[in-house]
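# Descriptive analysis of the structure
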Amino acid sequence: MSTDYYREGDPVADTKAPEGPIAERWEQRRFSGRLVNPANRRKLRVIVVGTGLAGASAAATLGELGYRVANYCFQDSARRAHSIAAQGGINAAKNYRNDGDSVHRLFYDTVKGGDFRSRESNVHRLAEVSTEIIDQCVAQGVPFAREYGGLLDNRSFGGAQVSRTFYARGQTGQQLLLGAYQALQRQVAAGTVDLHTRHEMLELVIVDGKARGIIVRDLVTGEISTELADAVVLATGGYGNVFFLSTNAKGCNVTASWRAHRKGAYFANPCYTQIHPTCIPQSGDHQSKLTLMSESLRNDGRVWVPAKRGDDRHPADIPEAERDYYLERRYPAFGNLVPRDIASRAAKVACDEGHGVGPGGLGVYLDFADAIKRLGKKAVEARYGNLFDMYERITGENPYERPMRIYPAVHYTMGGLWVDYDLSSNIPGLFVTGEANFSDHGANRLGASALMQGLSDGYFVLPNTISDYLADGPFEALDEDHEAVVAARREVEDRIAFFLNNDGDRTVDSFHRELGKIMWEYCGMERTDEGLRKAIGLIRDLKDEFYKRVKVTGKAEELNQQLEKAGRVADFFELGELMCIDALHRTESCGGHFRAESQTEDGEARRDDERFSYVAAWEYGGEEPVLHKEALEFEYVKPTQRSYK
Amino acid sequence: MKLSLRIWRQPDAATKGEMVSYEIDEVSEDASFLEMLDVLNERLIAEGGDPVAFDHDCREGICGACSLVIDGQPHGPQAATTTCQLHMRKFRDGDQIDIEPWRAGAFPVVKDLVVDRSAFDQIIQAGGYISAPTGTAPDAHAVPIPKQDADAAFAAAACIGCGACVAACPNGSGMLFMGAKVAHLGLTPQGQPERATRVLGMVAAHDEAGFGGCTNVGECAAACPKEIGLDVIGQLNRDFRKAAARAA
Amino acid sequence: MKPWRSNIGLKIAMAVSGVLLVLFIIAHMAGNLHVFEGREEMNAYAAGLRSFGEPLLPHESLLWIMRIGLIAAVAVHIWSAVVLTRRALHARPVRYASKKPARGESRHAVATMRWGAVVIVLFVVWHLLDLTWRTVNPVKDIHDAYGAVVAAFDPDRWPVTVFYLLALVALGFHLRHGIWSAVQTIAGPNTKWRKRTQAISLAVAVVVVAGFAIVPLAVTFGLVS
Ligand SMILES: Cc1cc2nc3c(=O)[nH]c(=O)nc-3n(C[C@H](O)[C@H](O)[C@H](O)COP(=O)(O)OP(=O)(O)OC[C@H]3O[C@@H](n4cnc5c(N)ncnc54)[C@H](O)[C@@H]3O)c2cc1C
Ligand code: HEM
Ligand code: HEM
Ligand code: SF4
Ligand code: F3S
Ligand code: FES
């Protein structure tokens, strides 16, 4: 094992997870956790950073319970949090289809889908709570798709064998978020939640070892202010934008998590990233983000590349015999429907070998000609019309006449701040929910499970578990002159002053793009020992150059989008380095993490349960982070190797 | 391609702004409109200038953050398309393009092309929700909803809160946005108990925030990237009339 | 804010008063066509309006009931129009530098409604001085409506005819948008019914304009004298 980039520390344990039969653990924890008397809740202040599914649902619910909540987001409205973009759907073990689904099956599928790198007790709780989420959302008026009988419709998603995905056309995330947003606005009107939009958290305040507040910058006036509380909840989303190009919204960032990490919170499994196979390929250097095309397209489209390298004929001129339907060839049983990670890697292999199509040879065809012949254009239009329109808006090509070009793109980050069963980080009083934590998906997230987790955390888990911590509160009153507060503020101010005074000549975006390229090349779909070592070196060099040459225009006391970006990119540099170190140390392949050195003869991922059945929880240590292992135990789902042949 | 841009520049809410001209070339046809502005900004920074501020986030037409008035049309010339999804191939080499912020009394300019749309949140706070405290919900199948109603509710719920309707309306009215929410919630059985108080509260907040009245001009629906139709305003008017009559 | 002072409340007030005005206008238009039956009939019709219900009701009852209703409707209509227009100006304080081609269902309705309304107000003032109070009309005998009309549009007074026609065009635009707008405001129709009321509005506007216009034109061109 390569220990040249890190030290190994003591193992960690999830001390809150109850023992006993798995189906009773959540109930048991709810019962054993202490409660806060309603009259005392008014005296307790909780900060929630983030208004996505995880944040808005938590803030609204805590407000309903009577806590005093301060809620933050960097967008101009809480409704614009990145959860709004989720398309496909949300899973729940309702078994409305009577097709054999159950809490246990959802639990089983999720543990297996995560390639046996998640905690059984967490995943089981997620599956249990999933049914309540749907009830809750329907009561809020979320317009899920329905059948003619007026009951909710379900579909099967991401290769699942049961139909357990609830959806609202291609806008499930939007509708769920609006439900949570509206519940949140109701609490704002009721006076229980103070909502601060266009505010960015830039530092965590820790007093006597407890998380007691945050330092925020008002993105309009530039004013730096302090918010103090009894507990802090981070629901700040994923960090896929470390790759610059991803399906995430432009503002997604790691700053809140990273600042907490620097203050002592463990960062778990940072290298687990999910790469989505069906995205619209990059068209040029101006490209600012990548757009996801729904996974459902693979139900009817056939993936192929020209068999001859560098064949740049019009796709219609390439005869059948000269096409390579590589997924159907390599995975006869699953064909075009293999899981995300496999489909993504296969596309990369095809392009790396010179068969790619479109600009830069970074694309493969997703062809609907057969489907149109078989079903008729009308039927294809009914199924995918809106996706085809979106594709045409972006590429200017008509997918009814010419096969779509697709390419994998970074989509979701399974890693995040380490939390225990109560969603508490290792810093007392700091809780983490949604994509920002590492908890429930292991090494790979199943389609339609992120929305489920965000809402499970925010509506049902956190409000129950945080009371056990708050039962000790209210904590000693603090004021803004406390030395820890002053120091945190000074750090923020110094960083801002540094950027604005740096006499540089390169834009923030140019650095971010370059960092993204390094990450994609060496810490993307396929990772190698050599590549990762190289990447760490490149990132360190680029980081030095960043601090020397970055140029940030404007002032501190105004809306300054360059300044915002600079702070985020600075944190991405440090995160990128840790991701590479994590990827380097995990010499097995599992889920979204594929190490070229750990594969079977026919190129499939090979897990190493003997050595790596643990969560890697990293403690901040500058250039030498400290690894704490949390061992994983599987009592109910026995680890097996996945096979899609 | 080569373009002449005229862009509204305004350092902050208090300072007067003006249209400033920029020339930009080698714009790729495949770039989105916002990517074209990214390229311009990179150049402005390199030249020591101040980059143009504009709101954006998802860049895939769903968050409702992006908000430019392009050649006098909110979200530009392509129907049912947000600014972030508009691509440069819709323009021609040598075009002059005017870029302005949303204009409405209730949406004051913050900087350059960025405006303050918090008035929309205030409208929602005044009743744009269903009171369903967490944990109190019955089983999701307890109340079936006819598919037509569910589909109609969904169509109204598709609003992304971008504010293009207000920017397009000659009266600076927020009726299409408000109507979309009133229609969405009013079409579900869960939304019935609060239907009357909701519409009265929201209309009061709408007017309070300084939006104008609707005179049924229809520019809002033409500009709406999610194709929310005037029906929702009709529905809003009807709900309001009934609720006001009951309150009186 | 009281519901009826809200933008929608005022809008409903404007719509209801507008509908009353539309009903009056249609009746007035139809009444005017008596001109083509000749002096006796037209004056008899005018007299009939005044003596309606006599002797049970006092003289001119119907006319006064109608007038009071009309004055009330006009007052409500103008008041709500002014308040809403002022609010709209506040709600849209800055114009776009770029002129855009309008795309809405009722393009240019704001300009035609508001400027048209000014023209209509001016017109009504003149019209009352001319044909009701006869201040500017040579025929002072209030029992001779026919004579007054003929005198009003005498070929020598062609600018008056032109002004009437101009006012009618403004009225036509006002009705084309106003009628369906009022229905949308009061009843809140869906797309199907909106398309229908739009068609009806246009038809009513054309008929009303034509029905009114034919009288001054007939007089000016000597068909009625
Ligand atoms: C294109 C796309 C499609 C997807 N489709 C699906 C799907 O079909 N099904 C599914 O289950 N999952 C899907 N996902 C994943 C899922 O959408 C996300 O994982 C989930 O929504 C994350 O929710 P969240 O609440 O944790 O974070 P987010 O929604 O990202 O919210 C983060 C919040 O934190 C705030 N924030 C962040 N940093 C700061 C800071 N420093 N200061 C202040 N505020 C801050 C932001 O303003 C925001 O409010 C999709 C993801 C993408 C990108
Ligand atoms: C006296 C002078 C008048 C003034 C100042 C006036 C003014 C206005 C204004 C400003 C509007 C709203 C504009 C809009 O919706 O865009 C309006 C609407 C309307 N007017 Fe008038 N108007 C006048 C006369 C009339 C007359 C004579 C009629 C009938 C023939 C009429 C019928 C209507 C109707 C039906 C509406 C539509 C109401 C609605 O939109 O709900 N108005 N008027
Ligand atoms: C162009 C054709 C028109 C002709 C020939 C015409 C004719 C007349 C005549 C003869 C009278 C007097 C009736 C009487 O006192 O017995 C009258 C009254 C009136 N007209 Fe017209 N009119 C025309 C158009 C209009 C229009 C377009 C309007 C409104 C916008 C209008 C509004 C009125 C009003 C308000 C009165 C007063 C009614 C009253 O005395 O109570 N007229 N008109
Ligand atoms: S109604 Fe349409 S234009 Fe108005 S805010 Fe909603 S989506 Fe935007
Ligand atoms: S453009 Fe304005 S006037 Fe009404 S129909 Fe739309 S809100
Ligand atoms: S940036 Fe999100 S809709 Fe345009």
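Residues numbered from 1 in each chain as written. Chains lettered and ligands numbered in written order. Predicted model: local features only at pLDDT ≥ 70, side-chain atom pairs only at ≥ 80, totals over all residues. Heavy atoms only, no water.

## Quick look at the overall build of chain A
In plain terms, the rule: Secondary structure elements are defined from DSSP: runs of H or I of at least 4 residues count as helices, runs of E of at least 2 residues count as strands, and each element is numbered from the N terminus. The atom set for the radius of gyration is the C-alpha atoms, and the globule formula is 2.2 Å times the number of residues raised to the power 0.38. Burial classes: relative accessible area under 20% of the type maximum marks a residue as buried, over 50% as exposed, and values in between as partly exposed (1.4 Å probe, protein chains only). Surface accessibility follows the Shrake-Rupley procedure with a 1.4 Å probe radius. Residue values consider only the protein chains on display as shielding.
For chain A, the helix and strand inventory stands at 17 helices and 20 strands. Here chain A has a C-alpha radius of gyration of 24 Å; the compact-globule value for 645 residues is 26 Å, and the two agree. Reported as C-alpha extents along the three principal axes, the dimensions of chain A are approximately 75 × 65 × 50 Å. The buried share among the 645 residues of chain A stands at 65%. For chain A, the accessible area works out to roughly 21900 Å², and carbon and sulfur atoms hold 47% of it.

## Focus on the interface of chain B and chain C
Under the convention used in this document: In this description, contact between two residues means that some pair of their heavy atoms is separated by no more than 4.5 Å. A 1.4 Å probe defines the accessible area here, and the buried area is the portion of it lost by two parts on being joined, summed over both. Whenever Lys or Arg places a side-chain nitrogen within 4 Å of a carboxyl oxygen from Asp or Glu, that contact is recorded as a salt bridge. Contacts described as polar in this section are N or O atom pairs within 3.5 Å, which, within protein, must combine one atom able to donate a hydrogen with one able to accept it, while residues neighboring in sequence count only if both atoms come from side chains. We call Asp, Glu, Lys and Arg charged. Ala, Val, Leu, Ile, Met, Phe, Trp, Tyr, Cys and Pro are nonpolar, and the rest, Gly among them, are polar.
In this complex, chain B contributes 50 residues to the contact, which on the side of chain C involves 43 residues. Overall, the association of chain B and chain C removes approximately 3600 Å² of surface from exposure, summing both partners, and the carbon and sulfur fraction of that is 52%. Where chain B meets chain C, there are two salt bridges. Residues Glu219(B) and Lys100(C) are paired through a salt bridge, measuring 3.9 Å at the closest nitrogen-oxygen approach. If you look at where chain B meets chain C, you find 27 residue pairs in polar contact (both at pLDDT 80 or more). Only β4 (73-74), β5 (96-100), α4 (164-168), α6 (195-208), α7 (219-223) and α8 (231-247) of chain B provide two or more residues apiece to the side of chain B that touches chain C. With 10 residues, α8(B) is the single largest residue contributor to the side of chain B that touches chain C. Here the side of chain B that touches chain C is composed, by residue class, of 24 nonpolar, 16 polar and 10 charged.

## Quick look at the domain arrangement of chain B
All names here are of chain B. So the rule is basically this: A domain assignment, automatic or from a database, supplies the domain bounds used here.
Domains assigned within chain B are domain 1 (3-110) and domain 2 (118-134 + 141-247). Its C-alpha centre places domain 1 at a distance of 29 Å from the equivalent point of domain 2. Contacts between the two partners involve 14 residues from domain 1 and, on the opposite side, 18 residues from domain 2. Roughly 1200 Å² of surface becomes buried between domain 1 and domain 2 when both sides are summed, with 67% attributable to carbon and sulfur atoms. Run the count over domain 1 and domain 2 and you get zero salt bridges. Summed over the shared surface of domain 1 and domain 2, the result is two residue pairs in polar contact (both at pLDDT 80 or more). Per-class residue counts for the side of domain 1 that touches domain 2 are eight nonpolar, five polar and one charged.

## Re the coordination of the iron atom of ligand 2
Residue and element names in this part refer to chain C. To keep things clear, this is the line we draw: We call an atom a donor if it is N, O or S and sits within 2.8 Å of the metal, or 3.2 Å for Na, K and Ca. Water is not counted, so some sites may look partial. Geometry assignment treats four donors as tetrahedral when all angles are between 85 and 135 degrees, treats four as square planar and six as octahedral when opposite donors are over 155 degrees apart and all others between 65 and 115, and treats everything else as irregular.
Bound to the iron atom of ligand 2 are the protein donor atoms His77 (NE2) and His174 (NE2), situated 2.0 Å from the metal. For the iron atom of ligand 2, the six donor atoms are set out with angles of 84 to 179° between them, so the coordination reads as octahedral. With His77 in helix α3 (residues 61-91) and His174 in helix α6 (residues 158-186), the pair connects residues that are 97 residues apart, well separated along the chain. Looking at His77, the relative accessible area reads 16%, which means it is buried. Accessibility expressed as a relative area gives 17% for His174, which makes it buried.

## What about unusual backbone geometry?
Omega for the bond connecting Gly473(A) with Pro474(A) falls within 30 degrees of zero, at -10°, which places this linkage in the cis form. Summarising the element assignment, Pro474(A) is placed in the loop between α12 (450-470) and α13 (483-501). Between Glu54(C) and Pro55(C) the backbone carries a cis peptide bond, its omega angle lying at 0°. When you line up the elements, Pro55(C) lands in the loop between α2 (39-51) and α3.

## Considering the nonpolar core
Note the threshold: What is meant by a nonpolar core is a set of buried Ala, Val, Leu, Ile, Met, Phe, Trp, Tyr and Cys residues, joined one to another through side-chain atoms within 4.5 Å.
Counting residues in hydrophobic clusters, the biggest one holds 243 residues, and the most contacted among them are Ile90(A), Phe144(A) and Leu234(A). Discounting residues that sit within four places of it in the chain, Leu234(A) has contacts with Val49(A), Met201(A), Ala256(A), Ser257(A), Ala260(A), Leu417(A), Leu430(A), Phe431(A), Val432(A), Thr433(A) and Ala436(A). Tyr22(B), Cys66(B), Ile70(B) and Met88(B) belong to the second largest nonpolar core, which has 28 residues in total.

## Considerations on the confidence of the model for chain B
The line we're drawing: The pLDDT value expresses, per residue, how confident the predictor is, ranging between 0 and 100.
Across chain B, pLDDT averages 97, with 100% of residues at or above 70. The ipTM value of the predicted complex is 0.96, and its pTM value is 0.96.

## Considering the interface of chain A and chain B
Across the boundary between the two partners, chain A contributes 71 residues, which contact 76 residues of chain B. For the chain A face of the interface with chain B, the top three residues by lost area are Arg80(A), Arg146(A) and Arg393(A), together amounting to 12%. In this structure, the connection of chain A to chain B is made through five salt bridges. At the junction of chain A with chain B, the criterion picks out 44 residue pairs in polar contact (both at pLDDT 80 or more). Contributions of two or more residues to the side of chain A that touches chain B are made by α3 (53-65), α5 (120-139), α6 (172-190), α11 (377-395), α12, α14 (508-523) and α16 (561-585) of chain A. Looking at the side of chain A that touches chain B element by element, the count peaks at nine residues for α6(A). Taken together, the residues of the side of chain A that touches chain B break down into 25 nonpolar, 28 polar and 18 charged.

## Focus on the environment of Leu423(A)
All names here are of chain A. Structurally, Leu423 is set in the loop between β17 (416-417) and β18 (430-432). In this structure Leu423 comes out as buried when scored by relative accessible area, which is 0%. Considering only alpha carbons, one finds Leu423 and Leu151, 272 residues apart in sequence, at a separation of 34 Å. Here Leu423 is in contact with Arg125, Leu430, Phe431, Val432, Thr433, Asn437, Asp457, Val461 and Leu462, once residues within four sequence places are set aside.

## Comments concerning the arrangement of the chains
Among two pairs of chains with at least one contact, chains A and B form the most extensive contact set. Separated throughout, chain A and chain C approach each other most closely at a C-alpha pair spaced 18 Å apart.

## What to know about the sheet that holds strand β6 (residues 193-196) of chain A
The strands making up a sheet are joined through hydrogen bonds of the backbone, oriented either antiparallel or parallel. Residues and elements named next belong to chain A. Keep this limit in mind: At least two DSSP bridges between two strands are required for those strands to pair. Axis geometry follows a simple rule: fit a line to the C-alpha atoms, using only the stretch in contact for helices, then measure angles between N-to-C directions, giving values from 0 to 180 degrees.
Spatial strand order, β6-β3-β2-β10-β18: five strands in an open sheet with parallel pairing. Each end of this open sheet is capped by a strand with a single partner; those strands are β6 and β18. On average, adjacent strands in this sheet sit at an angle of 20° to one another, irrespective of strand direction. With five bridges connecting them, strand β2 (residues 45-49) and strand β3 (residues 68-72) associate as parallel partners. Paired with Val48 across the strands is Asn71, a residue of β3.

## Some thoughts on the packing of aromatic side chains
Here is the rule: Between the rings of Phe, Tyr and Trp (Trp by its six-membered ring), a pair exists once the centres lie within 6.5 Å; its type follows the angle of the planes, with under 30 degrees stacked, over 60 edge-to-face, and the other angles tilted. Distance and angle both matter: a charge sits over a ring if NZ of Lys or CZ of Arg is within 6 Å of the ring centre and within 35 degrees of the ring normal.
Throughout the structure, instances matching the rule amount to 33 aromatic pairs over all chains. For the pair Phe120(B) and Phe177(B), a centre-to-centre distance of 3.6 Å together with 5° between the ring planes defines the contact as stacked. Of this pair, Phe120(B) sits in helix α2 (residues 118-125) while Phe177(B) sits in helix α5 (residues 175-186), and the two are 57 residues apart along the sequence. Counting every residue linked through ring pairs, the aromatic cluster contains Phe498(A), Phe499(A), Phe511(A), Phe546(A), Tyr547(A) and Phe573(A). Over the face of the ring belonging to Tyr325(A) we find Arg302(A), whose NZ or CZ atom lies 3.8 Å from the ring centre.

## Considering the sheet that holds strand β9 (residues 224-228) of chain A
Residues and elements named next belong to chain A. Taken together, the three strands give an open sheet; going across it, the order is β7-β8-β9, and neighbouring strands pair in antiparallel fashion. With one partner strand each, in any of the chains shown, β7 (199-207) and β9 form the two edges of the open sheet. Here the average twist between neighbouring strands, direction ignored, is 25°. Relative to β9, strand β8 (residues 210-218) runs antiparallel, the two being bridged by five bridges. If you follow Arg217 over to β9, its bridge partner there is Ile224. The sheet contacts of α13 involve β7, β8 and β9, and relative to β7 the element is tilted by about 145°.

## Regarding the coordination of the iron atom of ligand 3
Residue and element names in this part refer to chain C. Taken together, the protein donors to the iron atom of ligand 3 comprise His28 (NE2) and His127 (NE2), at separations of 1.9 to 2.0 Å. Around the iron atom of ligand 3, the six donor atoms are arranged such that angles at the metal cover 83 to 178°; this shape is classified as octahedral. Note that His28 is positioned in helix α1 (residues 7-32) and His127 in helix α4 (residues 109-132), a separation of 99 residues in sequence.

## Considering the site of ligand 3
All names here are of chain C. Rule in force here: By convention in this text, a residue qualifies as near a molecule or strand provided that one of its non-hydrogen atoms is within 4 Å of it.
Neighbouring ligand 3 are 21 residues, the closest being His28, Asn32, Arg50, Arg67 and His127. The separation between a nitrogen atom of ligand 3 and a polar side-chain atom of His28 is 2.8 Å. Within the side chain of Arg67, an N or O atom sits 2.7 Å from an oxygen atom of ligand 3. The set of elements that each furnish at least two residues to the shell around ligand 3 consists of α1, α3, α4, α6 and α7 (191-220). The dominant element in the shell around ligand 3, judged by the number of residues it contributes, is α4, at six residues. Here the residues of the shell around ligand 3 sort into 15 nonpolar, four polar and two charged.

## Some details on the domain arrangement of chain A
All names here are of chain A. Domain boundaries in chain A define domain 1 (277-411) and domain 2 (483-611). Put simply, the middle of domain 1 and the middle of domain 2, counted by C-alpha atoms, are 30 Å apart. At the junction of the two partners, domain 1 supplies 14 residues and domain 2 supplies nine residues. A buried area of about 920 Å², summed over both sides, lies between domain 1 and domain 2, and 52% of it is on carbon and sulfur atoms. For the interface between domain 1 and domain 2, the tally reads zero salt bridges. The tally of links between domain 1 and domain 2 comes to three residue pairs in polar contact (both at pLDDT 80 or more). For the side of domain 1 that touches domain 2, the elements supplying multiple residues, two or more each, are α9 (340-352) and β16 (404-413). The dominant element in the side of domain 1 that touches domain 2, judged by the number of residues it contributes, is α9, at five residues.

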